[in-house]
Amino acid sequence: MKGIGSLAFFLTLTVGGGGLLGLVVETGGWFAALDKPSFNPPDFVFAPVWGTLYLLIGIAGWLVFRTGDAGSLRLWWLQLALNFCWPPLFFAAHALLGGLLIILALFAVICAFIRSAWKGRRAPAALFLPYLAWTASAALLNGAIWWLN
């Protein structure tokens, strides 16, 4: 199962899972009422950015799966778990500091994945570079929101 079927699995998991999280985790009036820094992106930016990132994350996972790189694949699963934990913690539980700690851990695991995958095929690592940049900015935003509130 290392062909198209496995690619469909990875894309369904990431794009579908991320999309489902976006639908079930309500940001609501609570988030709108928070003080935010001036660099907070407009709401319409998040869905297309995350849709693209989940596509890249899924392809990267599939590529490391195909190569049999068990170490990178473990890091891939860990980053996905942390990624999927952040929205309910931040938005549903209103845990700004908890969200910041999760997103900092996510950033570290993304860095570890890039370093690990770079040793083998570089394509999975390269696919994670936009994700790394977005997560860095999201961590900064999360930290600023925590600080302001």
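Residues numbered from 1 in each chain as written. Predicted model: local features only at pLDDT ≥ 70, side-chain atom pairs only at ≥ 80, totals over all residues. Heavy atoms only, no water.

**Regarding helix 4 (residues 70–92)**
Applied cut-off: Here a helix means four or more residues in a row that DSSP labels H or I, a strand means two or more in a row labelled E, and each is numbered from the N terminus. The span you would expect from a helix comes to 1.5 Å times its residue count less one. Buried residues are those whose accessible area, probed at 1.4 Å on protein chains only, stays under 20% of the maximum for their type, while exposed residues exceed 50% and partly exposed ones sit between those limits. The contact definition used throughout considers only heavy atoms, calling two residues in contact when any of these lie within 4.5 Å.
The end-to-end C-alpha distance of helix 4, which contains 23 residues, comes to 33 Å, matching closely the 33 Å that a straight helix rising 1.5 Å per residue would cover. Within the sequence span of helix 4, burial applies to S72, L73, W76, Q79, L80, L82, N83, W86, P87, F90 and F91. Check the buried side of helix 4 and you find it contacts helix 1 (4–24), helix 2 (28–33), helix 3 (46–67), helix 5 (96–118) and helix 7 (129–148). H94, located one to two residues past helix 4, shows a positive phi value of around 55 degrees.

**Digging into the environment of L80**
You can see L80 is positioned in helix 4. In the structure, L80 is positioned 69 residues away from L11 in sequence and 12 Å away in space, judged by C-alpha atoms. Not counting the four nearest positions on each side in its chain, L80 is found in contact with L13 and T14.

**Some points on the packing of aromatic side chains**
Rules: Here is the rule: rings of Phe, Tyr and Trp (six-membered ring for Trp) pair when centre to centre is within 6.5 Å. Planes less than 30 degrees apart are stacked, more than 60 are edge-to-face, and the remainder are tilted.
Inspection of every chain in the model, using the stated rule, returns 19 aromatic pairs. Between F31 and F90, the ring centres sit 6.0 Å apart and the planes meet at 65 degrees, which makes this aromatic pair edge-to-face. Of this pair, F31 sits in helix 2 while F90 sits in helix 4, and the two are 59 residues apart along the sequence. Judged by relative accessible area, F90 falls into the buried class, the value being 2%. Seen from their ring centres, F113 and F128 are 4.1 Å apart, and the 35 degrees between their planes marks the pair as tilted. Residue F113 is located in helix 5, and its partner F128 is located in the loop between helix 6 (122–127) and helix 7; the two are separated by 15 residues in the primary sequence. The class for F113 is buried, based on a relative accessible area of 0%. Cluster of aromatic residues (ring-pair linked, three or more members): W50, Y54, F84, F113, F128 and Y131.

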